[in-house]
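# Commentary on secondary and tertiary structure
The primary structure of each chain is shown beneath.
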Amino acid sequence: MGDKQLVSKGPCLNRGLLMALSTSALGKGGGVLDKPIIEKTTPGRESEFDLRKSKKMAPPYRVILHNDNFNKREYVVQVLMKVIPGMTVDNAVNIMQEAHINGLAVVIVCAQADAEQHCMQLRGNGLLSSVEPDGGGC
């Protein structure tokens, strides 16, 4: 059989059941698994996995843009594009128009910490904004 070994287990030999294992297929390390790496965290500090999990599980919040009589429409569009990641001109114009016509518009729905940060940045640029839980309604 060359480089193959015959292995039998207990009563199976009587039934004629044989298993052939190739010793060359085991490769380096002989098929032994490496010891898993255990992530160690500092007390009071969450692990990277916990942070990712909590962000995914966190309830969504809405950043609301309120209409005002002070800022020009073009400026509102510029600020939205500067503050909100991935904001396109078309989306910024639509949000600005909705706030202008209806008095308010949803800018983005995201995790609470991100929503509060976006809200503060909008306010820091002179826009009226607020944060509220996303109830999933209209």
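Residues numbered from 1 in each chain as written. Predicted model: local features only at pLDDT ≥ 70, side-chain atom pairs only at ≥ 80, totals over all residues. Heavy atoms only, no water.

The chain is annotated in an unreviewed UniProt entry as Adaptor protein ClpS core domain-containing protein of Thlaspi arvense.

## Focus on the overall build of the chain
If you tally the helices and strands in the chain, you get five helices and five strands. Secondary structure elements of the chain occur, N-terminal to C-terminal, as β-α-β-α-β-α-α-β-α-β. Per-residue burial over the chain gives 22% buried out of 138 residues. A separation of at least 24 residues holds for 62% of the contacts in the chain among residues at least 6 apart in sequence. (Helix = DSSP H or I, 4+ residues; strand = E, 2+ residues; numbered from the N terminus. Buried < 20%, exposed > 50% of the residue type's maximum accessible area, 1.4 Å probe, protein only. Contact = heavy atoms within 4.5 Å.)

## Considerations on the sheet that holds strand β4 (residues 104–111)
Strand pairing in a sheet relies on backbone hydrogen bonds, with the paired strands running either antiparallel or parallel. Overall, antiparallel pairing links the three strands, which are arranged β4-β3-β5 in an open sheet. Here the strands that pair on one side only, and so sit at the sheet edges, are β4 and β5 (128–133). Direction aside, the axes of adjacent strands within the sheet are offset by 25° on average. For strand β3 (residues 60–66) and β5, the ladder comprises six bridges, and the chain directions are antiparallel. From the neighbouring strand, Val63 faces β5, where its bridge partner is Val131. Contacts between helix α5 (residues 112–124) and the sheet are confined to β3, β4 and β5, with β4 contributing the most and set at about 140° to the helix. (Pairing = 2+ DSSP bridges. Axes fitted to C-alpha atoms, helices over the stretch in contact; angles between N-to-C directions.)

## Looking at helix α4 (residues 89–102)
For an α-helix the count is 3.6 residues per turn, leaving residues at separations of three or four pointing the same way. Here α4 spans 20 Å end to end across 14 residues, near enough to the 20 Å set by a 1.5 Å rise per residue. Taken residue by residue, α4 has Ala92, Ile95, Met96 and Ala99 as its buried positions. Angularly, the buried residues of α4 cover 95° about the axis, an arc narrow enough to put them on a single face. Residues of α4 that are exposed and point more than 90 degrees away from the buried face comprise Asp90, Ile101 and Asn102. Packed against the buried residues of α4 are β3, α3 (73–83) and β4. (Expected span 1.5 Å × (residues − 1). Arc of directions from axis to C-beta.)

## Side note on α5
Relative to the 18 Å expected for 13 residues at 1.5 Å per residue, α5 spans 18 Å between its end C-alpha atoms, a close match to the ideal helical length. Along α5, the residues that are buried comprise Ala115, His118, Cys119 and Leu122. All buried residues of α5 fall inside an arc of 100° around its axis, so they share one side. Away from its buried face, by an angle of more than 90 degrees, α5 presents the exposed residues Ala113, Met120 and Gly124. Packing partners of the buried residues in α5 comprise β3, α3, β4 and β5. Downstream of α5 by one or two residues, Gly126 has phi in the positive range, about 90°.

## Let's talk about the pattern of salt bridges
Throughout the structure, instances matching the rule amount to two salt bridges. The residue Arg62 makes a salt bridge to Glu132 at a minimum N-O spacing of 3.5 Å. Residue Arg62 is found in strand β3, and its partner Glu132 is found in strand β5; the two are separated by 70 residues along the sequence. Salt-bridge contacts for Asp134 lead to Arg62; the nearest nitrogen and oxygen are separated by 3.2 Å. Highlighted residues: Asp134 in the segment after β5 and Arg62 in strand β3, separated in sequence by 72 residues. (Salt bridge = Lys/Arg side-chain N within 4 Å of Asp/Glu carboxyl O.)

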